[in-house]
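Notes for the structure review
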Amino acid sequence: MIRVLLVEDHVLVRDGLRALLERAGDIHVLGEASNGQEGVELTKSLKPDVVIMDIMMPRLNGIQASEHIHNLKLPAKVLLLSMYSEEGLVHQALQSGAKGYVLKTSVSEELLQAVRAVSRGETYLSAAISSIVMESAFRPSALQSNNPLDNLSPREKEILQLIAEEHTSVEIANMLSISEKTVEKHRANLMEKLRVRNLAGVVRLAIKYGLIDKDR
């Protein structure tokens, strides 16, 4: 039996995914989370074989959560779901340590195949994603990141996302159990690294490089 943690912020989507997974017979959903931070915490406590995560989520997005799971050396394999197939996003996903990337437009039996593949330690990519990776293999410079967010530390990325979600410094400090002064220091550092001067600039970059969903 493959033990799965489901991380998706939309309840109806999460319910549909759970029903699909549990009908398979060889997959058991251990638990659910509604954001990337909860997903990381439940991965530590529940120890699933596979973590299925939407990329665009509040608190920590799927890519950031995948990085945390990878850096913590947790044995769970991460399978990312996304509506988007932009090359830069694919690059970030694979760099995060994720073992799979499935487009939501093709989620059905393919998701079951992907779960089984990544649980065996294999990499699984939707056909459109696989094509992007193959094309990039013949253009080595294409997957070299020019994403300015790559210059940020994991904590700075986390704070950047929370700023872009319009949380105040006090709220961020409470969420992350750090001081408001520390939040302000991270804010100043990341804005200097990104060369932006105000919240509008932060939000534009967060949307452009897939840190938050442009439709939220």
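In what follows, the accompanying structure is described. (Residues numbered from 1 in each chain as written. Predicted model: local features only at pLDDT ≥ 70, side-chain atom pairs only at ≥ 80, totals over all residues. Heavy atoms only, no water.)

What follows covers the side chain of Glu8. Inspection of the secondary structure puts Glu8 in the loop between strand E1 (2-7) and helix H1 (11-23). Within the structure, the side chain of Glu8 is placed 3.0 Å from the side chain of Lys104, a separation counted as a polar contact. Excluding residues that lie within four positions of it along the chain, Glu8 makes contacts with Val13, Arg14, Ala33, Ser34, Asp54, Met57 and Lys104. (Helix = DSSP H or I, 4+ residues; strand = E, 2+ residues; numbered from the N terminus. Polar contact = N/O pair within 3.5 Å; in protein donor to acceptor, adjacent residues only side chain to side chain. Contact = heavy atoms within 4.5 Å.)

Turning our eyes to something else, we now look at the sheet that holds strand E3 (residues 50-54). With parallel pairing, the six strands of this open sheet are ordered in space as E2-E1-E3-E4-E5-E6. For this open sheet the edge positions go to strand E2 (27-33) and strand E6 (124-125), each flanked by a neighbour on one side alone. Relative to strand E5 (residues 100-103), strand E4 (residues 77-82) runs parallel, the two being bridged by four bridges. The residue of E5 that forms the bridge with Ser82 is Leu103. The strands that helix H2 (residues 36-46) touches are E1, E2 and E3; relative to E1, the one it contacts most, it runs at about 160°. Strand contacts of helix H3 (residues 62-71): E3 and E4, with the helix running at about 155° to E3, the strand carrying the most contacts. (Pairing = 2+ DSSP bridges. Axes fitted to C-alpha atoms, helices over the stretch in contact; angles between N-to-C directions.)

Moving on, we get to the layout of surface pockets. Counted as a void, the second largest pocket has a volume near 210 Å³. For the second largest pocket, the lining is made up of 15 residues, of which Ile63, Glu67, Gln92, Asp150 and Lys157 are closest to its centre. At the level of elements, H3 and helix H4 (87-95) are the ones that each hand at least two residues to the lining of the second largest pocket. Here the residues of the lining of the second largest pocket sort into four nonpolar, eight polar and three charged. (1 Å grid on protein atoms, 1.4 Å probe; cavity = no way out; pocket = protein on both sides within 12 Å on 5 of 7 lines; lining within 4 Å. Points joined across faces, edges and corners; volume = space filled by probe spheres on them. Nonpolar A, V, L, I, M, F, W, Y, C, P; charged D, E, K, R; others polar.)

Another point: H4. All of the buried residues along H4 are Leu89, Val90, His91, Gln92 and Ala93. Backbone geometry just downstream of H4 places Gly97 in the positive-phi region, at approximately 100°. (Buried < 20%, exposed > 50% of the residue type's maximum accessible area, 1.4 Å probe, protein only.)

Read these as spatial facts, not as claims about activity.
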